[in-house]
Amino acid sequence: MKLELAKKPTPLEKYIFDGKEVWIKRDDMTDFVASGNKIRKLEYLLGEALERKSDVVITCGAIQSNHARATNYLAKRLGMDVILFLKEWYPGRSSGNFLLNHLMGAKIEIVTPNEYEDIDEIMRNRAEELESMGKRVYVIPEGGSNFIGSKGYEDAVFELNKQADLEEFSAIYVATSSAGTYAGILSGVKKLGLKVDVRGVVVHKKPTDVVVEKIKRILSQLGIEDFSGINLLRGFEGKDYAYPEEEDLKMIKYVASESGVILDPVYTAKAFRGMMETMGEREKVIFVHTGGVFGLFAQIQALEGIL
Ligand SMILES: *Cc1c(COP(=O)(O)O)cnc(C)c1O
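Everything in this summary refers to the structure shown in the same document. (Residues numbered from 1 in each chain as written. Predicted model: local features only at pLDDT ≥ 70, side-chain atom pairs only at ≥ 80, totals over all residues. Heavy atoms only, no water.)

**Points about the pattern of salt bridges**
- Using the criterion set out here, one finds 27 salt bridges in the structure.
- The salt bridge partner of Glu109 is Arg126, with a shortest N-O separation of 2.5 Å. Remark: Arg126 occurs in helix H5 (residues 119–132) and Glu109 occurs in strand E5 (residues 107–111); sequence separation between them is 17 residues.
- Glu109 gets classed as partly exposed once you look at its relative accessible area, which sits at 28%.
- A residue is classified by how much of its surface remains accessible, and Arg126, at 19% relative accessible area, is buried.
- Asp197 is the partner of Arg199 in a salt bridge, and the nearest nitrogen-oxygen pair spans 2.8 Å.
- On the basis of relative accessibility, which here comes to 13%, the residue Arg199 falls in the buried class. (Salt bridge = Lys/Arg side-chain N within 4 Å of Asp/Glu carboxyl O. Helix = DSSP H or I, 4+ residues; strand = E, 2+ residues; numbered from the N terminus. Buried < 20%, exposed > 50% of the residue type's maximum accessible area, 1.4 Å probe, protein only.)

Structural data, given as structure tokens:
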């Protein structure tokens, strides 16, 4: 069952940056507290949670996880309890998404980066514990990235297809981390028989083949047999996940001053830079703005340097 949670369709807006034609799909405007890309995945995931009559939702992420923030807000509004397993890692704890989660009274459990390696098992164990006490638990993997969540991004492509002639664009760019967004977009493009290239700018250090395997698994679960066209761009991840380079911070400033569009330091700034550095002069492309604005306020110290 799909829930209608996001404000849709999100706008598709034309911009010129540095003489290049970039249309931005404003998925940073899918909501306020639940803004960004995760809400589209959660329309399906929380729909299934409700269908199964779950009373508790468990999910996980980095300390500044946008997915955890969106899940906490939406699942609670739908009447379910939420437990967030967050990885203690990046500084800036009491700010951004973490602050919002606290304000909304989240049940947060901090796990070390080492423990987080086994996060699926940790969540499963907690679910079993709660189920033995009579609860019905729905576990959502990191980033909401499984084939159920990815359906939300097939839908986003169908939505885009109504907003523009996608044959006029050579590529769609999107930030890629847990890769469910990328897989959903590529699946949607394939189901419509479009030729547009889907370029995922990877924002963490995990090996490309691991990301590709996950995308293939999701594609096949979505009924796609042809795995051609998986196009992941590397070299823009910087030092690691959530560590932007100075060029990324400068990109945030440049894009904001040119257009008023606000990128985030963890995902979209890296992806936008990846796009600007790889797109051809004559290409006309779509940038899917996946949100993340609250994460900006967890890195204000780094941003001081480029103001
Ligand atoms: C989670 C997230 C992404 C990456 O989406 P995946 O499906 O995990 O690859 C990109 N941008 C923002 C702002 C996000 O929160």
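More follows now that the structure is in view.
**Topic: the sheet that holds strand E3 (residues 56–62)**
- The strand order across the open sheet formed by 4 strands is E5-E4-E3-E6, and the pairing between neighbours is parallel. This sheet does not close on itself; its edge strands, each paired only once, are E5 and strand E6 (137–139). Taking each pair of neighbouring strands and ignoring which way they run, the sheet shows an average axis angle of 25°.
- Two elements, E3 and strand E4 (residues 81–87), share 7 bridges in a ladder whose sense is parallel. Following the sheet pairing, Val56 is matched in E4 by Asp81. (Pairing = 2+ DSSP bridges. Axes fitted to C-alpha atoms, helices over the stretch in contact; angles between N-to-C directions.)

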